[in-house]
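Each chain, written out:
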Amino acid sequence: MKIVMTGVNRGVGAALYAAYSEAGHDVLGTARDGSADVTLDVTDPDAFEPFAATVEGHVGSGGLDLLVCNAGVYIDKGQPLDGGYPADMWAQTFAVNVTGVFLTIQSLLPSLRRAGAGRIAIVSSVMASQENAPGGSYIYRSSKAAVLNLGRNLARDLVADGISVGIYHPGWVRTDMGGPQAAVSPQESAQGLMIRFEALGPGTTGCFEAWDGASIPL
Ligand SMILES: NC(=O)c1ccc[n+]([C@@H]2O[C@H](COP(=O)([O-])OP(=O)(O)OC[C@H]3O[C@@H](n4cnc5c(N)ncnc54)[C@H](OP(=O)(O)O)[C@@H]3O)[C@@H](O)[C@H]2O)c1
């Protein structure tokens, strides 16, 4: 399988990259620090044309089988409701978690279409849920809800192209974002997510699922 994945230099992305590579897949990973196959900052709109050209050159006529939009930020953790959540924090978060995901997908649509049955996996969060709304982390929650909505609408629009779109919660994972107390190791999360991505197809497109297969209330 030919796979492209964003944010592979640490955390869930690094574990997914390692697991897919070990399983023999052809993975092109991105990072913004120059440590991965391709350098990509998803907040740089000018980066997507050269990025798409690199991917095209790599995947060739067979196209791109799986795109994993994993890169994300959570910078409003612990912000106070009164006086917190400054405007630039909203802009920065949405640039990565929403616009960055959309532009990544948009730039790779030609490669995904050529695969015949391309798949797009968007790493959102359980915090995107409207039904589970415990409060707090307004910026992160809103951004992950937005990208869930984006994924579910893309799922409809891309049916005609045979492309399936899934939206996922990776678990509460022991990464820089999840912290050392988190419940799931990056490796466990990656193994679970790989099973979920494998199950993604025309019958499940638009799904919102956790790494362990649990469905999450919208
Ligand atoms: N950990 C959890 O418990 C948890 C729970 C629910 C959802 N998630 C989601 O799972 C995904 C992975 O999270 P994680 O825990 O692995 O986070 P992490 O350890 O903080 O890693 C985040 C990754 O995103 C990359 N990234 C951030 N800003 C970027 C940008 N502008 N352009 C390109 N890459 C950028 C980071 O690269 P740099 O090193 O350059 O910053 C890093 O590779 C995220 O979408 C997150 O929201 C995580």
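Preceding block: the structure.
All chains use their own residue numbering, which begins from 1 and follows the written sequence. Restriction of local features to residues with pLDDT of at least 70 applies here, the model being predicted, together with a cutoff of 80 or more for giving and counting side-chain atom pairs; totals for whole chains, interfaces and linings are based on all residues. For side-chain calculations, the full set of non-hydrogen atoms in the structure is used, while hydrogens and water are omitted.

(A) Expanded view of the sheet that holds strand β7 (residues 208-210). Strand order in the open sheet formed by seven strands is β3-β2-β1-β4-β5-β6-β7, with parallel pairing between adjacent strands. The sheet is open, and its two borders are formed by β3 (38-39) and β7, each paired with just one other strand. Pairing between strands requires that DSSP locate at least two bridges from one strand to the other. Under the scheme used here, helices are H or I runs from DSSP no shorter than 4 residues and strands are E runs no shorter than 2 residues, and both carry numbers assigned from the N terminus. Inspection of the sheet shows strand β2 (residues 26-31) paired to β3 by two bridges, in the parallel sense. When the sheet's bridge partners are listed, A31 is paired in β3 with T39. Packed onto the sheet, helix α5 (residues 186-199) meets β4 (66-69), β5 (119-123), β6 (164-169) and β7 and runs at close to 155° relative to β6. We call two residues in contact when some of their heavy atoms are within 4.5 Å. All axes are obtained by fitting lines to C-alpha atoms, using only the stretch in contact for helices, and the reported angles, taken between N-to-C directions, cover 0 to 180 degrees.

(B) Focus on the packing of helix α2 (residues 48-59) against helix α3 (residues 87-114). In the contact formed by α2 and α3, the axes pass within 10 Å of each other and the chain directions differ by 30°. One element, α2, and the other, α3, form an angle in the roughly parallel class. α3 is crossed by α2, and the crossing has right-handed handedness. Note on element contacts: α3 touches α2 through G100, L103, T104, S107, L108, P110, S111 and R114, opposite F48, F51, A52, V55, E56 and V59. Nonpolar residues are Ala, Val, Leu, Ile, Met, Phe, Trp, Tyr, Cys and Pro. Charged residues are Asp, Glu, Lys and Arg, and all others, Gly as well, are polar. Classifying every residue of the contact of α2 with α3 by side-chain character gives eight nonpolar, four polar and two charged. Oblique is the label for any angle not covered by the other classes, which are roughly parallel (under 35 degrees), roughly antiparallel (over 145) and roughly perpendicular (65 to 115). What makes a crossing left-handed is the near helix being turned counterclockwise from the far one by less than a right angle; a clockwise turn instead makes it right-handed.

(C) Structural detail: the site of the ligand. Proximity is defined per residue: any heavy atom of the residue falling within 4 Å of a molecule or strand makes that residue near it. In the vicinity of the ligand lie 29 residues, with N9, R10, R32, Y140 and T175 positioned nearest. Side-chain polar atom of R10 to an oxygen atom of the ligand: 2.6 Å apart, as the coordinates give it. Definition of a polar contact: a pair of N or O atoms within 3.5 Å, with one able to donate and the other able to accept a hydrogen when the atoms are protein atoms, and with sequence-neighbouring residues admitted only if both atoms are side-chain atoms. Between the ligand and N70, the relevant distance is 2.8 Å, taken from an oxygen atom to a main-chain nitrogen or oxygen of the residue. In short, Shrake-Rupley with a 1.4 Å probe defines the accessible areas, and a residue's cover is counted only from the protein chains shown. Contact with the protein chains hides 94% of the accessible area of the ligand, taken as 900 Å² for the molecule alone. At the level of elements, α1 (11-22) and α4 (138-157) are the ones that each hand at least two residues to the shell around the ligand. Here the residues of the shell around the ligand sort into twelve nonpolar, twelve polar and five charged.

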